[in-house]
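Architecture at a glance
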Amino acid sequence: QAGKAVTKLVPTKDDYQKVYNKIASILEDDSDYDDGSYAPVLLRLAWHSSGTYDKDTKTGGSNYATMRFEPEALHGANNGLNIARNIMEKVKAEFDWISYGDLWTLAGVCAIQEMAGPKIPWRAGRIDGFAKDVTPDGRLPDATQGADHLRNIFYRMGFNDQEIVALSGAHALGRCHTDRSGFEGPWTFSPITFTNDYFTLLFNEKWVWRKWSGPKQLADKKTGTLMMLPTDYVLTQDKSFKKFAKAYADSQDVFFKDFSAAFSKLLELGVPESQWVSSEPWTMKTMDEQES
Ligand code: CCH
């Protein structure tokens, strides 16, 4: 067979692990970027590419990676995600066989796991869509609103109150940027380590409206360095949300378990069952696990 092209094989779990490893290897490429890691912004890309799902029309979701196209790329909610998409191009250049939907969701898995979060079961099989598949603006949550809005948005994706609260715990990571959303600052003191601090801080700190010219957001009274969005604070005000938020503040294990299940479900929204390459989700290894 010398000199003959090898028949292209279906990628295996090992192939996707190589992609995971590549993503992990570039997370901290620029120590000057934010808190020293691209993981939070990659996580936000995975979420925004999946959270457009509408269960009634079965449109949106992670399948087609339609954020590559205008106008979805320019939707206000996606401000700043061009940074994440550009970083992903470096990975795509090396692994051209992977679909954008698989790449972006795998980056979300990698971000959580490499920031010391729980294992996120993940499956491959998303396919690239076209500009005609872009979703309408307004499918992602608006941080200035309240509990009704959160329910409208997340029930549309097929989530319940418990899952809404669990997913919100992702705000343990990363920060807001005035030039992206208008809001400013991190939610926790460790924005590149996944913890349940978002929930403990929500209950243990006193939150006051920040006095500034920007959009309405809360600041912790003690240091004034942390922030909560109106939609974050509502998790302590709405009776049903509060019950779950309290449980997650009380136990990081419970939070990690519920987050893993809800986030895994989020990443699969909009992908027809027949497309998955494996019947069972895979658990990708962390870089640490592969060293020992
Ligand atoms: Fe979020 N998020 N998010 N979020 N988000 C922002 C940043 C991050 C809302 C609004 C905002 C989820 C849910 C919500 C992340 C993950 C998740 C920002 C600042 C706003 C505003 C953007 C900026 O300025 O850079 C609202 C409203 C909701 C309602 O539920 C969910 C669910 C997830 C993931 C599971 C992450 C991570 C960030 C930090 C990004 C970064 O660049 O640091």
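Since the structure is predicted, the reported quantities are computational estimates derived from the model, not experimental observations. (Residues numbered from 1 in each chain as written. Predicted model: local features only at pLDDT ≥ 70, side-chain atom pairs only at ≥ 80, totals over all residues. Heavy atoms only, no water.)

Focus on the domain arrangement of the chain
Domain parsing of the chain yields domain 1 (13-139 + 261-291) and domain 2 (147-256). Domain 1 and domain 2 are separated by 22 Å when their C-alpha centres are compared. Of the residues lining the interface, 29 residues belong to domain 1; the matching set on domain 2 comes to 20 residues. Of the roughly 2,100 Å² buried between domain 1 and domain 2, counting both surfaces, carbon and sulfur atoms make up 62%. Across the contact surface, domain 1 and domain 2 share two salt bridges. For Arg-175, the salt bridge identified is with Asp-35, shortest N-O distance 2.9 Å. One can count 11 residue pairs in polar contact (both at pLDDT 80 or more) joining domain 1 with domain 2. If you tally residues by element for the side of domain 1 that touches domain 2, the top one is helix α2 (residues 39-50), at five residues. (Domains from an automatic or database assignment. Contact = heavy atoms within 4.5 Å. Buried area = accessible area lost by both parts, 1.4 Å probe. Salt bridge = Lys/Arg side-chain N within 4 Å of Asp/Glu carboxyl O. Polar contact = N/O pair within 3.5 Å; in protein donor to acceptor, adjacent residues only side chain to side chain. Helix = DSSP H or I, 4+ residues; strand = E, 2+ residues; numbered from the N terminus.)

What about the pattern of salt bridges?
Scanning the entire structure with this criterion turns up 13 salt bridges. With its nearest N and O atoms 2.8 Å apart, the salt bridge here joins Arg-210 to Glu-184. Of this pair, Arg-210 sits in the loop between β3 (207-209) and β4 (218-220) while Glu-184 sits in the loop between β1 (175-176) and β2 (185-186); the two residues are 26 residues apart in sequence, bridging distant segments of the chain.

Brief notes about helix α7 (residues 197-204)
Taken residue by residue, α7 has Tyr-198, Phe-199, Leu-201 and Leu-202 as its buried positions. Down the axis, α7 shows its buried residues gathered within 165° of arc, on one side only. Packing partners of the buried residues in α7 comprise α6 (161-168), β3, β5 (227-228), α8 (230-233), α9 (239-250) and α10 (252-267). (Buried < 20%, exposed > 50% of the residue type's maximum accessible area, 1.4 Å probe, protein only. Arc of directions from axis to C-beta.)

Digging into the nonpolar core
With 85 residues, the main nonpolar core has Ile-23, Met-88, Leu-106, Trp-122, Phe-154, Phe-259 and Phe-263 as its most contacted residues. Both domain 1 (13-139 + 261-291) and domain 2 (147-256) contribute no fewer than three residues apiece to this core. Residue contacts for Phe-263: discarding those within four places in its chain leaves Leu-43, Ala-46, Gly-108, Val-109, Ile-112, Ile-120 and Leu-167. (Core = buried A, V, L, I, M, F, W, Y, C linked by side-chain atoms within 4.5 Å.)

Regarding the site of the ligand
Taken together, 25 residues sit near the ligand, with Trp-47, His-171, Arg-175, His-177 and Ser-181 positioned nearest. A distance of 2.9 Å is found between a nitrogen atom of the ligand and a side-chain nitrogen or oxygen belonging to His-171. Here His-177 contributes a side-chain N or O atom positioned 2.7 Å from an oxygen atom of the ligand. Looking at the shell around the ligand, the elements with two or more residues in it are α2, α5 (147-157) and β1. Tallying contributions element by element places α2 first for the shell around the ligand, with five residues. Split by residue class, the shell around the ligand holds 16 nonpolar, five polar and four charged. Taken domain by domain, the shell around the ligand gets at least three of its residues from each of domain 1 (13-139 + 261-291) and domain 2 (147-256). (Near = heavy atom within 4 Å. Nonpolar A, V, L, I, M, F, W, Y, C, P; charged D, E, K, R; others polar.)

Structural notes on the coordination of the iron atom of the ligand
From the protein, the iron atom of the ligand takes a single donor atom, His-171 (NE2), 2.1 Å away. Relative to the assigned elements, His-171 resides in the loop between α6 and β1. (Donors = N, O, S within 2.8 Å, 3.2 Å for Na, K, Ca; no water.)

Notes on the sheet that holds β5
Reading across from one edge, β3-β4-β5 is the order of the three strands in this open sheet, with antiparallel pairing throughout. Since the sheet does not close on itself, it has two edges, and those belong to β3 and β5, each with one partner. (Pairing = 2+ DSSP bridges.)

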